[in-house]
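Close look at the chain arrangement
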Amino acid sequence: MAQDHGSARAGEALLQLDGVDLGYGDRVILPGVSLTLHRGERVALLGRSGAGKSTLLAALRERLADSAAWCPQADALVPSLSAYHNIYMGRLHAFSRWQNLVNLVRPRRAAWHDISALAAELGLAGLLLRRVDSLSGGQRQRVMIGRALYQNREVFVGDEPVSSVDPRQASQLLALTEQRHSTSVVALHQRELALQHFQRIIAIADGRIVFDAPVDTLDRSRIDALYAQR
Ligand SMILES: Nc1ncnc2c1ncn2[C@@H]1O[C@H](COP(=O)(O)OP(=O)(O)OP(=O)(O)O)[C@@H](O)[C@H]1O
């Protein structure tokens, strides 16, 4: 089930960009971006490597602030800590400093219970006490997704969250994020997943949004053209 976020109404605008230049310091990567994200939408960002997907995600996250359950690329994990502790970090903000300190030495019962249940859904059962640097790339991605889901926030924002798993597993993991988040914005490289799991595709190329359209109005060739050799 998607989480209940108070009196949230599907279709409401969650954020709006109106001709905003996005980039890093003085370096503009995506000039004049205009878009609106609505509650209840599932949006995939597509584009070649370096096109600007992460740049757009950063701008959306900044504006969504505490509404965003952020799932960065898996190298954002702490390698020397366990899968359990990496997932727990998703909710450090919700507990006292003392609780977090105690948990580092010995997992707190309630947190262990919740994270074990989540791990079972993610296919991480039995791996929670393993250091993250002893896990496979796909397992690390599951931990990263677990951390984001454990944040318990309204909008799932993912930067290539399923790039290291096979298509069937990727589909299962995206389905899990959908159960818990009615709104999502996810950068992907897998076109098929974008078509299967998302309602709207924002495509980025050459420093601009080349289309932003509902999936059911898109011709497959427009998506393929994004990845054509130049
Ligand atoms: N911190 C930064 N400072 C300056 N430029 C950056 C920074 N991060 C990324 N860039 C540049 O911004 C452009 C867009 O990068 P971005 O990471 O948004 O692309 P992407 O579509 O997410 O790529 P990928 O699929 O490889 O993750 C690239 O030219 C990149 O070199």
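The present account deals with the structure reproduced in this document. Keep in mind that this is a model prediction, so the values were computed, not measured.

Quick notes on the rules
Residues numbered from 1 in each chain as written. Predicted model: local features only at pLDDT ≥ 70, side-chain atom pairs only at ≥ 80, totals over all residues. Pairing = 2+ DSSP bridges. Helix = DSSP H or I, 4+ residues; strand = E, 2+ residues; numbered from the N terminus. Axes fitted to C-alpha atoms, helices over the stretch in contact; angles between N-to-C directions. Contact = placed C-beta atoms within 7 Å. Near = placed C-beta within 6 Å. Nonpolar A, V, L, I, M, F, W, Y, C, P; charged D, E, K, R; others polar. Core = buried A, V, L, I, M, F, W, Y, C linked by C-beta atoms within 7 Å. Buried ≥ 20, exposed ≤ 12 C-beta atoms within 10 Å, placed from the backbone. Expected span 1.5 Å × (residues − 1). Arc of directions from axis to C-beta. Right-handed = clockwise from strand over helix to strand, strands pointing away.

1. Observations regarding the sheet that holds strand 6 (residues 183-187)
Pairing in this open sheet of six strands is mixed, and the strands run 4-5-6-3-7-8 from one edge to the other. Two strands bound the open sheet, and with one partner strand each, they are strand 4 (68-71) and strand 8 (208-214). Put simply, the sheet's adjacent strands are angled 15 degrees from each other on average, direction ignored. Sheet contacts for helix 1 (residues 53-64): strand 3 (42-46), strand 4, strand 5 (155-159), strand 6 and strand 7 (200-205); angle to strand 5, the most-contacted strand, approximately 155 degrees.

2. Considering the site of the ligand
Near the ligand the following residues occur: Tyr 24, Arg 27, Ile 29, Gly 47, Ser 49, Gly 50, Ala 51, Gly 52, Lys 53, Ser 54 and Thr 55. Only strand 2 (27-38) and helix 1 provide two or more residues apiece to the shell around the ligand. If one sorts the elements of the shell around the ligand by residue count, helix 1 sits on top with three residues. Grouping the amino acids of the shell around the ligand by side-chain chemistry returns three nonpolar, six polar and two charged.

3. Concerning the nonpolar core
The nonpolar side chains of a soluble globular protein tend to be buried, and buried together. Core analysis: the biggest nonpolar cluster contains 57 residues, and Ala 44, Leu 45, Ala 69, Ile 115, Val 157 and Val 185 have the highest contact counts within it. A total of six residues in this core trace back to one element, the largest contributor, which is helix 5 (residues 137-150). Setting aside anything within four residues of it in sequence, one finds Ala 44 in contact with Val 186, Leu 188, Ala 194, Phe 198 and Ile 201.

4. As for helix 1
Compared with the 16 Å implied by 1.5 Å per residue over 12 residues, the 16 Å span of helix 1 between its first and last C-alpha is a close match. Taken residue by residue, helix 1 has Lys 53, Leu 56, Leu 57, Ala 59, Leu 60 and Leu 64 as its buried positions. Projected down its long axis, helix 1 shows its buried positions confined to an angular sector of 160 degrees, all on one face. Two residues or fewer past helix 1, Ala 65 is found with a positive phi of approximately 50 degrees.

5. Quick look at unusual backbone geometry
Of note in this structure, Ala 65 is not a glycine but carries a positive phi near 50 degrees. Note on placement: Ala 65 falls in the loop between helix 1 and strand 4. Assessed through the 9 C-beta atoms surrounding it within 10 Å, Ala 65 is described here as exposed. Positive phi, close to 60 degrees, is recorded for Asn 152, a residue that is not glycine. Turning to its location among the elements, Asn 152 is positioned in the loop between helix 5 and strand 5.

6. Section: the pairing of strand 5
Of all five residues in strand 5, five are buried, a share of seventy percent or more. In strand 5, alternate side chains face the same way, and those of Val 155, Val 157 and Asp 159 on one face and Phe 156 and Gly 158 on the other are all buried. Pairing of strand 4 with strand 5, which is carried by four bridges, proceeds in the parallel orientation. Across the sheet, the residue bridging to Ala 68 is Val 155, located in strand 5. Relative to strand 6, strand 5 is paired through five bridges, and the arrangement is parallel. Each residue of the ladder has a partner; that of Gly 158, found in strand 6, is Val 186. Taking the sense of rotation as the criterion, the β-α-β connection linking strand 5, helix 6 (residues 167-180) and strand 6 turns out right-handed.

Coordinates in, geometry out; function isn't part of it.
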